[in-house]
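Survey of secondary and tertiary structure
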Amino acid sequence: MHKDTDCGQPRRADADAGKEITVAGWVHRRRDHGNLIFIDLRDRTGLLQVVFNPEVSSDAHHLAESLRSEWVVKVTGKVARRIQGAENPNLATGEIELVASELTVLNQSLTPPFEVDEHINVSEDMRLQYRYIDLRRQKMQDLLKMRHNVTRIMWDELTDKGFTQVETPILIKSTPEGARDYVVPSRVHPGEFYALPQSPQQLKQILMVSGIERYFQIARCFRDEDLRADRQPEHTQLDLEMSFVHQKDVTDVVEHLYARIMREVRPEVKVPAPFTRLSYEEAMTRFGTDKPDMRLGMELATLTEAAARSEARVFQSIAADGGSIRGIAVPGCAGYGRRQTDELIDIAKRHGAQGLVFIAIDESAESIETMTEEQARGPLNKFMSVDIIRDIARQTGAKPGDLILMVAGAEKMVNRVLSELRLEMGRRLEIADPNEFSFAWVTDFPLFEWDGDSKHWTPAHHVFSAPKTEHIDILESDPGAVHADLFDLVCNGWELGSGSIRIHNPELQRRIFGVIGYTEEQVADRFGHLLRAFQYGAPPHGGMGLGLDRLVALIAGESSIREVIAFPKTQSASDPMFEAPSKISDEQLAELHIAVITDDE
RNA sequence: GGCCCCGUGGUGUAGUGGCCUAACACGCCUCCCUGUCAAGGAGGAGACCGGCAGUUCGAAUCUGCUCGGGGUCGCCA
């Protein structure tokens, strides 16, 4: 080793003073006082102040004059207690310093494009281009370690529970469902292609047929779709699958694991236990979304009946057409002015609403029951009696000083709009406690969704989820009413993963394919291997896929998963450091039997 | 594919039609300094304003196209 001690290691003057040590690392900062030179030396464990004193070693002092930021050096010297008054309480090693007797420059460095420091502000573009420098920052090192710890706990916990980690192949077969595949040409089979897995779903189900019983993998998944703050073309998921289980068995394992991760990685935060459980129906009714942030309050109320009793034509006609009128009460916002309400109307319109109806309950009202007509202000109030307004206030839970937001129209749109407004108001009012992690299981999803474009039923999750036993009879006759043992794990508005009890009966699996509208040929081509496997004693099984990047970002309080991925890609799915993707040589293309067609224009 | 925001020395910003021969901070370079720690002091170098085309007497500033980055809708079994 070039060093015998880590920079962050010697900490106490009593214990360490007088020891001769050798450390090595990067020059974090240099303070040259002429005759006395200070270097903050940085390695993965932290900072250590090194002093070069010409009276101790004139050679070392002389060489130290040439040191610059990010040079890589090795220093030998004696640990000494700092002189009185020169201690640095901000540094873990602030009580001591290293008095250098010997300095070796192991490598020089160009002046870095940005400083390796926490307080600086650099564009993400620049950070990604020089990711190796960016990752030297303490914060990035901490995030990578946190991620490591999360996966370490996954390994520990699942190993204890009898799980076996199995690596599944990265080169598999394209089964064009859902997302676009990333595709890899085969040299040996001209004109044929592998696909990178969108998830190891089928492989892990086959492992259940193989008798593994409890499988997990920290698996890379590839999807060639547009990126977002929480979506990368390759993401990592904790993939797990269990045999002979019911839904509760799967959620118990995951809940125990996630509670433990929170306890060990963020011991200071609140994690309400047990995790909340609510059905998809209930989530949509109370929050308008299947991934609610439950810290926000402001639950949705159905006001169709009350609003339809008013003289307001909009409400009457929407109610008559089978539409829905719903609303939320935003605490303390009765004083919102025109500009603020206009902003909310914009948000509502962006998400499909025709408009947004406000009722402001004046602070001066003693209570909802005693408030007067004048104490409730709103554009449609002249069409509503005080009784109706009171009714609306009661159902939304509004109090004096609150602002009620109402949206009318198709239920799906109304829910989406109110859910967005709820999130927006939560952000504005800073309602959510950043130290609370409110996990919830959302269960009993419908198995199918109607796709108006393709005029087909499509799987709400994926084709392998089992319908609830009591709904098997109506699979073909009323697909929309079929629910499944299908569940999501959500936390603070983030979808962290979903799972289900799978189909293990090849005949039932064929019926599902039938409802979705696959032909015999398509089924044979895409899923023949799975159906064949199921004919040889497939056990009942179920499992989950849980996003690791999202989990770590959530735990770390980061809004983008790029912060917790060592080498993420930009929104155009490219890597600014590698400059990937890139063209390949004609020789490579020829070998792969590939001709590139260039778009003119 | 749609919509929105951004692009000025190495980095982050200011400048939004003539005051710009482009300002500020950090960084960088030189010198001074034995107790600093986001050291301090003095001096200095460094950008023609993402690219192209236009409007104008005059463009960093206006317009169009384009490239790059970010957010979002679509998309994401």
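Here the structure is shown first, and the text comes after it.
Residues numbered from 1 in each chain as written. Chains lettered and ligands numbered in written order. Predicted model: local features only at pLDDT ≥ 70, side-chain atom pairs only at ≥ 80, totals over all residues. Heavy atoms only, no water.

Formed by 78 residues in total, the largest nonpolar core has its most connected members in Leu-240, Tyr-258, Ile-261 and Leu-489. For this core, the element with the most residues is helix 7 (residues 247-265), which contributes eight residues. Not counting residues up to four positions away in its chain, the partners in contact with Tyr-258 are Met-154, Leu-238, Phe-275, Phe-439, Leu-489, Leu-496, Leu-546 and Leu-551. The next biggest cluster of nonpolar side chains, apart from the first, holds 26 residues, and it includes Leu-303, Ile-318, Ala-365 and Ala-376. (Core = buried A, V, L, I, M, F, W, Y, C linked by side-chain atoms within 4.5 Å. Buried < 20%, exposed > 50% of the residue type's maximum accessible area, 1.4 Å probe, protein only. Helix = DSSP H or I, 4+ residues; strand = E, 2+ residues; numbered from the N terminus. Contact = heavy atoms within 4.5 Å.)

The subject of this paragraph is empty space enclosed by the protein. Applying the stated rule across the entire model yields one cavity of 30 Å³ or more. There is about 30 Å³ of room inside the largest cavity. Forming the boundary of the largest cavity are Leu-128, Arg-131, Phe-567, Pro-568, Asp-575 and Met-577. Classifying every residue of the lining of the largest cavity by side-chain character gives four nonpolar, no polar and two charged. (1 Å grid on protein atoms, 1.4 Å probe; cavity = no way out; pocket = protein on both sides within 12 Å on 5 of 7 lines; lining within 4 Å. Points joined across faces, edges and corners; volume = space filled by probe spheres on them. Nonpolar A, V, L, I, M, F, W, Y, C, P; charged D, E, K, R; others polar.)

This part is about the protein's contact with RNA strand B. Of all residues adjacent to RNA strand B, which total 48 residues, the nearest are Arg-29, Glu-55, Ala-86, His-119 and His-461. Near the protein, meaning within 4 Å, the atoms of RNA strand B are sugar or phosphate in a fraction of 51%, with bases accounting for the rest. Separating a base oxygen of RNA strand B from a side-chain N or O atom of Arg-31 is a distance of 2.6 Å. Within the side chain of His-33, an N or O atom sits 3.4 Å from a sugar or linking oxygen of RNA strand B. (Near = heavy atom within 4 Å. Polar contact = N/O pair within 3.5 Å; in protein donor to acceptor, adjacent residues only side chain to side chain.)

With that out of the way, let us pick up the side chain of Arg-42. With respect to the helices and strands, the residue Arg-42 is situated in strand 2 (residues 37-43). Relative accessible area serves as the criterion here: at 7%, Arg-42 is assigned to the buried category. Here the side chain of Arg-42 touches His-28 through a polar contact of 2.9 Å, side chain to side chain. Apart from residues no more than four positions distant in its own chain, Arg-42 is found in contact with Cys-7, Gly-25, Trp-26, His-28, Leu-47, Glu-70, Val-116 and Arg-136.

With that settled, consider the packing of aromatic side chains. To describe a pair of aromatic rings, one takes the distance between the centres and the angle between the planes. Under the counting rule described, the total for this entry stands at eleven aromatic pairs. With centroids separated by 6.0 Å and ring planes inclined at 70°, the aromatic side chains of Trp-441 and Phe-487 adopt a geometry described as edge-to-face. Linking Trp-441 in strand 17 (residues 439-443) with Phe-487 in strand 20 (residues 486-491), this pair joins segments that are 46 residues apart in sequence. Note on accessibility: Trp-441 and Phe-487 belong to one class, buried. Among the aromatic residues, those joined into a cluster by ring pairs are Phe-464, Phe-513, Tyr-518 and Phe-527. One Lys or Arg, Arg-526, reaches over the ring of Tyr-518 and ends 5.3 Å from the middle of that ring. (Phe/Tyr/Trp six-rings, centres within 6.5 Å; stacked < 30°, edge-to-face > 60°. Lys NZ or Arg CZ within 6 Å of the ring centre and 35° of its normal.)

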